[in-house]
Amino acid sequence: MSVSAPDVRHAIEENRRLRRTMRDLVALSTLPAVWSGLDRDDIARSLSGVLLDTLSLDVVYLRLAGRTGKGAVDIVRCGRRHDTDYETTAKAALAALLNAPRGELPKTIPDPCGAGTLQLAVVRFGVGADPGALVAGSRKPDFPTEQDRLLLGVGANQMAIVVQRRQAEEELQRHRNARLALTQELNQAVTVEEAATGVLRAVCEHLAWDAGFFWIIDDDGDRLACRAHWHRPDRPPKQFVAASCEASFRSGEGLPGRVWASGTPAWIADLSQDGNFMRLAAAAEDGLRCAFACPVILGDRTIGVIEFFTHQVRELDADLLEMVGTAGGNVGQFIERKAAEDELRRSEQELAEFFENATIGLHWVDSDGKILKANHAELQMLGYTRAEYLGRHIAEFHADPDVIGAILDKLNAGERLIEYPARLRCKDGSIKHVLIDSSVLWNDGRFVHTRCFTRDITERTRVERALADARSRLEAALEAGAIATWNWDIPGNLLFGDGTFDQLFNLPPSEGQGGVLDKYLGAIHPDDVPRVTAALERAVHSGEPYEADYRIVQPDGSARWVTARGRTERDAAGRPIRMPGVLVDITARKRLEEALLDADRRKDEFLAILAHELRNPLAPIRNSLEILKLPRIDASAVEESRAMIERQVHHLVRLVDDLLDVSRVMRGKIELRKEPLEIAAVVARAVETVQPLIDMQRHRLELSIPDESLLVDADPVRLAQVVGNLLTNSAKYTESHGHIWVSAVREQGVVALSVRDDGIGMAAEMLPRVFELFVQVDHASTRAQGGLGIGLTLSQNLVRLHGGTIEARSAGLGQGSEFIVRLPLMAPAHGEPVEGLSDERALEAAASGHRLLVVDDNSDAATSLAMLLRMHGHEVRIAQDGPSALAMATAFVPDMVFLDLGMPGMDGYEVARRLRSQPALEQVVLTALTGWGQQEDRRRTAEAGFDHHLVKPLELKALETLLKAL
């Protein structure tokens, strides 16, 4: 393939151009070595000249902004013309071109100083944060070629590298100088204000800032206040300084508050563009444009802020922030060091004052035990002067040599003593109980001296002993009273109790300390829990005392009654914190209360029954009396009415006798008149007494008494009364036409006497209570039959007085009842006859013609008794008060006086004493007539001079017996 001549020439030319480009690149790469030691302007001029010559340019414009707004480079070089006017004109045109809004620059411009046009090439470059631009112009039509652009770029970059390195070196040196100045200022400063002012000055002077301010947190801890400031003297920002000194900032407010809140530096390139700079008006007036601030750090907290201002707008300088941030830390350390020094001086002064003026005794002792130093409190406590105390061995002042010996040994061994008990001897000879806290000051292993605190606990010791004694007595009282103590930690919901408390809740001691409240609530009877929790809530919220009675369920299912009392204690803010209290076992009291309530109920029932039982006989008595008042009544009606009255009066007497008997028996006031008795005779007497009631109910009575001798040692009247009560019970509680069985059998030394019926029977729950006073089976037929509910109680007590037992049995309601009396048997003496009960002889009412005086304030009672006595042939007088009785007795001189005790004014006792005091009436027989028939009543009448004691209503037989004895 052949090559044409033009192609050859083109290749040769291209090769030549490439070699020239390589040569120029090598030349440009050597420029940094040439520029060593030159400043920015010289470097720019050198580069401009090289480019003019190398690329045969007509004009070169090179512009480089200064880093801080100062020292900007702005150079124009022309290739053919070197006059100043041309360069100035060219600079203006090219600068206007570069300052135009961003966009694509024109490729050609008119020659600023001549005809024709210039082809343009623009290369932009940066030196750190400083923008730079290179503009090259040539009249050559093919400018710029690729080689031209390459060479322009390489030259600009070489300059950027060198200038950037030079700027970094200069900046580093400035920072070094600033750091050195900061260190010197902090080392030379005496106060915080001096240190802060020196730091501000060093930064401004060495790093080209115009003003600085130091802010520190005020005493209240909620604002920053300006403590120091510095500015260049040639341009003082007076308005801004005044505004800053008057201002204070909360966290987050303004530049200082923003740094305080974040704990990090902040940079404001243009103050006018910041929405949170609160001193903008004053800054603008003084021409301040840019600012930054760094925190003053101490440890991990910000204690202040330093800020700096300049008149130029500056972009963020991270190195500057880092350096000033470090300076802020140094300022914080300086503040800490100065505070520590001040605190040390203050502490030393306070320590000296504390040692001497402390209210507790203090002293120092060397390794030999010699007292080196003592304060006023120790000397005053022991009563010695300083001269009498210092320099002497500490053992001289201890009452117990072994104690001080042990103290010195422990201290020399390096031990620390805490509240070590000892006794010190005072100057007056008295002994002080003290607690010693002591340790040794060591210096490189050498014992320097002790540091001893001596607390006088003499009074506390006395109080503790008294308290221990009181506590011992209290614990004994609590234990004796079965009183438990507890304390409820309300916020923690924990309950702490003593041993008695744990026992009441059936908890071992290990579980009773600090248990949650719900654990204890779980042991309370479910029916009582709502009431207990409600009482606790009221006590906590309202402050009222906590009071609650509740049941604690026992492991066997039974319940134990307790009463709890407590009071809420609160803290200073009024919050409930604890509730101390006591717990008392009231199970016995509750049972007693239930028993009392039951007894009260039975008493009310008894009174109602008694009223009913008393009214029953009174009704026929009143009816009979009304019949007797009628005119033309025949003799049979009179006899029937009389008989009716007599029966009902006997019934009333029986009721009263039963009441008196049960009272005497239960109080142990009854006296048994025992004699050998056959059970058969006792049963016969009882059957004879109850037979009318059995016949009236149409019952069938069957007796099964063995022929053999069943001999007991008993009171015939009382034992017959027991059997009669049991028969009466069966007759009353068995429906008409029922059956009653009475049997007696010998059982291993006792006789078992059974009274059984097929009556209404008893429920199982009634069997344990049937012998209680006033208890009656709740059945309609019992009400119809009447009775006071005391017969079985009386029977049980009489049987017990005889050394026997009584037992009740029943298969249930409607199944009948059985009562079994067991009495010890006795063997009859050989040859001695044993008699049964004989019939009482009838008393004859024979007239005696005695003179009798009846004294009673009840007119009907006195008159009726007088009528009865006159019908028997006696001469009777009546008196209705004490004075009348004395007068009538003196005039009448009776053989016997029937004297009522309960008269108003002068009672029967006083009348009896006065009658006995008259010689003429010494032989008169005095008979007390009263409704009181207890043993105590009989003793009182005997002491008053009465010969006899009769209980109302009078029995005619007893009355006739007394009269026959006159």
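Residues numbered from 1 in each chain as written. Predicted model: local features only at pLDDT ≥ 70, side-chain atom pairs only at ≥ 80, totals over all residues. Heavy atoms only, no water.

A few words now on the confidence of the model for the protein chain. Per-residue confidence for the protein chain averages 83 on the pLDDT scale, and 88% of its residues sit at or above 70. Low pLDDT (under 50) marks residues 779-785, which in the prediction has 14 contacts with non-local residues, meaning those over four places away or in another chain. (pLDDT = per-residue confidence, 0-100. Contact = heavy atoms within 4.5 Å.)

Turning our attention to the packing of aromatic side chains. The full count for this structure, using the stated rule, is 20 aromatic pairs. When the centroid spacing of 6.1 Å and the interplanar angle of 85° are considered together, the rings of phenylalanine 771 and phenylalanine 819 count as edge-to-face. Of the two residues, phenylalanine 771 sits in the loop between strand S28 (750-757) and helix H23 (780-785) while phenylalanine 819 sits in strand S30 (residues 818-824), which places them 48 residues apart along the sequence. This pair shows no difference in class: phenylalanine 771 is buried, exactly as phenylalanine 819 is. (Phe/Tyr/Trp six-rings, centres within 6.5 Å; stacked < 30°, edge-to-face > 60°. Helix = DSSP H or I, 4+ residues; strand = E, 2+ residues; numbered from the N terminus. Buried < 20%, exposed > 50% of the residue type's maximum accessible area, 1.4 Å probe, protein only.)

In this structure, leucine 47 sits in helix H3 (residues 40-55). Along the primary structure leucine 47 and tryptophan 35 are separated by 12 residues, whereas in three dimensions their C-alpha atoms are 9.3 Å apart.

With that settled, the discussion passes to the sheet that holds strand S34 (residues 925-930). Ordered in space as S32-S31-S33-S34-S35, the 5 strands form an open sheet in which the pairing is parallel. Every interior strand has two partners, whereas the edge strands, strand S32 (875-879) and strand S35 (948-951), have only one. In this sheet, adjacent strand axes meet at a mean angle of 20° when their direction is disregarded. Here helix H27 (residues 908-916) sits on the sheet and contacts strand S33 (896-900) and S34; the angle it forms with S33, its principal contact strand, is near 155°. Strands in contact with helix H29 (residues 956-964) are strand S31 (851-855), S33, S34 and S35; relative to S33, the strand with the most contacts, it is inclined by about 140°. (Pairing = 2+ DSSP bridges. Axes fitted to C-alpha atoms, helices over the stretch in contact; angles between N-to-C directions.)

Tallied over the full model, the rule gives 0 disulfides. Here cysteine 245 is not disulfide-linked; the sulfur of cysteine 226 is the nearest cysteine sulfur, at 4.6 Å. (Disulfide = S-S within 2.5 Å.)

Before going further, it helps to examine the pairing of strand S21 (residues 559-566). Sheet analysis places strand S20 (residues 546-553) next to S21, joined by 8 bridges and oriented antiparallel. Bridge pairing links alanine 548 to alanine 564 in S21. The pairing of S21 with strand S23 (residues 576-585) spans 5 bridges and is antiparallel. If you follow arginine 565 over to S23, its bridge partner there is valine 582.

In this section: the pattern of salt bridges. The full count for this structure, using the stated rule, is 46 salt bridges. As a salt-bridge pair, aspartate 222 and arginine 250 come within 3.8 Å of each other at their nearest N and O atoms. In this pair, aspartate 222 is assigned in the loop between strand S6 (211-217) and strand S7 (224-231) and arginine 250 in the loop between strand S8 (248-249) and helix H8 (254-262), connecting sequence segments 28 residues apart. The partly exposed category is assigned to aspartate 222, whose relative accessible area is 33%. A single salt-bridge network, built from bridges that share partners, covers Asp549, Arg565, Arg589, Lys590 and Glu593. (Salt bridge = Lys/Arg side-chain N within 4 Å of Asp/Glu carboxyl O.)

What follows concerns the side chain of histidine 802. On the secondary structure map, histidine 802 appears in the loop between helix H24 (791-801) and strand S29 (805-809). Taking the relative accessible area as the measure of exposure, histidine 802 reaches 7% and is therefore buried. Among the polar contacts made by the side chain of histidine 802, one reaches the main-chain carbonyl oxygen of leucine 798 at a distance of 2.8 Å. Setting aside chain neighbours within four positions, we find histidine 802 in contact with Leu672, Lys674, Asp713, Ala714, Asp715, Arg718, Leu823 and Pro824. (Polar contact = N/O pair within 3.5 Å; in protein donor to acceptor, adjacent residues only side chain to side chain.)

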